[in-house]
Amino acid sequence: MTLIAILVFIEEAVYIYRKIPSSKRSIIIWINAAAPVISTTSCIGMWIPRSTMFTDFTAGIFFAIVIHKFLMMMIKECGGQKMLLRRFENGRFTISTGPCCCCCPCLPRVPITRQTLFWLKLGTFQFAVFRPVLIFLSIVLWTNGNYVLYNLSPKGPALWINCFIGALTLFALWAVGIMFRKVRILLKCKNIIPKFALYQFIVILNHLQTTIINIFATQKIIPCAPPLSSTARGSYIAQQLLIMEMFLITVISRVVYRRKYHDLEPPECAAEEPGDKKQTPKIILNGAVVEDGLPKV
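What you see is a predicted model, and the numbers here were worked out from it, not measured in a lab.

**Q** Please provide a residue-by-residue account of the UniProt feature "transmembrane region" (unreviewed entry) in the protein chain, values included.
**A** Under the feature "transmembrane region" (unreviewed entry), the UniProt entry names residues 27–48, 54–75, 118–139, 159–180, 192–217 and 237–257. For residues 54–75, helix accounts for 100% and strand for 0%, while the C-alpha atoms at its two ends are 33 Å apart. The span residues 192–217 is 100% helical and 0% strand by assignment, and the distance between its end C-alpha atoms comes to 37 Å.

See the structure below:
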């Protein structure tokens, strides 16, 4: 499954490189590479159990970059930042959305300006920068024996590093959710809803599913099966599930992203209604065409 996923991605990358404009080419290739990369790292971690720490961190770093790329793709699909500001000149962002503020409908709506777009891009960019730094720190502490992944005591660094990474993840997903809620109707013709659904599936399966399985393994709910301990068997099960799930997402992504979509019309043309153009009434008088009551010579 991993090998087929890699081959499907390579074929799709060649198609995107030939058919997609250069302004959106690299972003779409990055987003489509998320599932094959996670499948590859899971396969390596399954066959070489001692490399699980490095494979999980590699997948985490790559997906942190993909989250930022997905936000940039939505802006690019709207025609770029300047065109997006023109389309939503008097619009507002609804910040009472998940995963941070979905239970706070009383929050005010923020006007769409260059500054608010900067803060949204910063919300995903900080995750792409700080998560690799924290993961590098975790690996350094792990090689020294100070970082134990399943030791969540307050005295250990694993709890605090994971909590900080979780907070950064929530802020990044919140920024993407705010942008998606605003542009989902405009970009419906570009299948942005299925693309966002695939992106959300990768988030849930790669983070939430793996975390739940690891918790079950730590609490001995997943029994050991010699020579595998409970934690090793939980990691083994999570990697097997990720390989199958990322294979399906790779195949579905090829169908969604390979289709050809028409570019959006400029705001002036989009705002113009069919009845705006008034035709000059014409009258035929004795075989002569009369416009506005004057005969045409």
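Next comes the rest of the account.
**Q** Before we move on, can you summarise a positive patch on the surface with the specific residues and values?
**A** A cluster of basic side chains, namely R92, R109, R181 and R184, defines a positive patch on the protein surface. Considering the arrangement of structural elements, one finds R109 in the loop between β1 (92–93) and β2 (110–111). Residue R109 is classed as partly exposed on the basis of its relative accessible area of 47%.

**Q** Give me the lowdown on the packing of aromatic side chains, citing residues and values where you can.
**A** A complete count under the given rule lists nine aromatic pairs for this structure. Look at F54 and W142: their rings are 5.3 Å apart centre to centre, the planes differ by 80°, and that puts the pair in the edge-to-face class. Pair noted here: F54 is in helix α4 (residues 52–77) and W142 is in helix α6 (residues 114–143), with a separation of 88 residues, a long-range link. Between F70 and Y199, the aromatic rings sit 4.6 Å apart at their centres with planes inclined by 10°, giving stacked as the arrangement. Separated by 129 residues along the polypeptide, F70 in helix α4 and Y199 in helix α8 (residues 192–218) bring together distant segments of the chain. Each member of the pair, F70 together with Y199, is buried. Taken together, the ring pairs in this structure connect F63, F70, F180, F196 and Y199 into an aromatic cluster.

**Q** How would you explain the side chain of Q126 if you had to name every residue and give the values?
**A** Relative to the helices and strands, Q126 resides in helix α6. By relative accessible area, which is 12% here, Q126 ends up buried. Looking at Q126, its side chain comes within polar contact range of the main-chain oxygen of L168, at 3.4 Å. Sequence-distant contacts of Q126, defined by excluding residues within four places in its chain, comprise R131, L168, F171 and A172.

**Q** How would you sum up the pattern of salt bridges? Please name residues and give values.
**A** A full pass over the atoms with the stated rule returns three salt bridges. A salt bridge links E11 to R254; the nearest nitrogen and oxygen atoms lie 3.0 Å apart. Placement of E11 in helix α1 (residues 2–19) and of R254 in helix α9 (residues 230–258) is noted, with a sequence separation of 243 residues between them. Look at E11 and you get partly exposed, because its relative accessible area is 30%. Residues K24 and E77 are paired through a salt bridge, measuring 3.4 Å at the closest nitrogen-oxygen approach. Remark: E77 occurs in helix α4 and K24 occurs in helix α2 (residues 22–32); sequence separation between them is 53 residues. The same class applies to K24 as to E77, namely buried. Through salt bridges with shared partners, a single ionic network connects K24, E77 and K190.

**Q** So, empty space enclosed by the protein: which residues are in play, and what are the values?
**A** Any empty space left between atoms is shown by rolling a water-sized probe over those atoms. All told, the structure shown has one cavity of 30 Å³ or more when counted by the stated rule. The volume enclosed by the largest cavity comes to roughly 100 Å³. In terms of lining residues, the largest cavity is bounded by 13 residues, among which I31, L198, I202, S253 and Y257 are the most central. Elements represented by at least two residues in the lining of the largest cavity include exactly α2, α3 (34–47), α8 and α9. Residue composition of the lining of the largest cavity, grouped by class: nine nonpolar, three polar and one charged.

So, how was this worked out
Residues numbered from 1 in each chain as written. Predicted model: local features only at pLDDT ≥ 70, side-chain atom pairs only at ≥ 80, totals over all residues. Heavy atoms only, no water. UniProt positions renumbered as here; feature names shortened; annotations may be inferred. Helix = DSSP H or I, 4+ residues; strand = E, 2+ residues; numbered from the N terminus. Patch = residues over 30% accessible without salt bridge, like charges linked within 9 Å, V, L, I, M, F, W, Y side chains within 5 Å. Areas by Shrake-Rupley, 256 points an atom, 1.4 Å probe, with all protein chains shown as cover. Salt bridge = Lys/Arg side-chain N within 4 Å of Asp/Glu carboxyl O. Lys, Arg positive; Asp, Glu negative; His and termini not counted. Charge placed at Lys NZ, Arg CZ, Asp CG, Glu CD. Buried < 20%, exposed > 50% of the residue type's maximum accessible area, 1.4 Å probe, protein only. Phe/Tyr/Trp six-rings, centres within 6.5 Å; stacked < 30°, edge-to-face > 60°. Polar contact = N/O pair within 3.5 Å; in protein donor to acceptor, adjacent residues only side chain to side chain. Contact = heavy atoms within 4.5 Å. 1 Å grid on protein atoms, 1.4 Å probe; cavity = no way out; pocket = protein on both sides within 12 Å on 5 of 7 lines; lining within 4 Å. Points joined across faces, edges and corners; volume = space filled by probe spheres on them. Nonpolar A, V, L, I, M, F, W, Y, C, P; charged D, E, K, R; others polar.

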